[in-house]
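Here is how the chains run, residue by residue.
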Amino acid sequence: MAQAPLYIISGFVILGIHALILFLAAKLFKLDLFTCGVASLANVGGVASAPILAAAYSEALIPIGVLMALMGYVIGTGGGLLVGKILSMI
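Residues numbered from 1 in each chain as written. Predicted model: local features only at pLDDT ≥ 70, side-chain atom pairs only at ≥ 80, totals over all residues. Heavy atoms only, no water.

**Comments concerning helix 3 (residues 50-57)**
Here's step 1: Those residues of helix 3 lying buried are Ala50, Pro51 and Ala54. Down the axis of helix 3, the buried set is contained in an arc of 90 degrees. They therefore lie on one face. Residues of helix 3 that are exposed and point more than 90 degrees away from the buried face comprise Ile52 and Ala56.
Here's step 2: Where helix 3 is buried, its residues meet helix 2 (33-44) and helix 4 (62-89). (Buried < 20%, exposed > 50% of the residue type's maximum accessible area, 1.4 Å probe, protein only. Helix = DSSP H or I, 4+ residues; strand = E, 2+ residues; numbered from the N terminus. Arc of directions from axis to C-beta. Contact = heavy atoms within 4.5 Å.)

Below is the structure:
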């Protein structure tokens, strides 16, 4: 339990990096608030929460939320395996 503050701070740092990358990508690609919000929630919350946010904008956008979440799973799994491989070589 003594290390819990370190883990909490690490979580906030990771979310801060996520927000910074999302902000830079939104400016670079001129993305709207819907795309940024659903993409962020798809990365953080996954398939369970991204379609709910998409439905808040329009029911027709639910499949887009599901697709973004599935893409997040695929890219995240591949990225995690790549990072794991790089770290094991170090």
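So much for the structure itself; the text now carries on.
**Brief notes about unusual backbone geometry**
Keep in mind that most residues, glycine aside, have a negative phi and that most peptide bonds are trans.
Here's step 1: Positive phi outside glycine occurs at Lys30, with the angle close to 55 degrees.
Here's step 2: Along the polypeptide, Lys30 turns up in the loop between helix 1 (4-29) and helix 2.
Here's step 3: Relative accessible area serves as the criterion here: at 74%, Lys30 is assigned to the exposed category.

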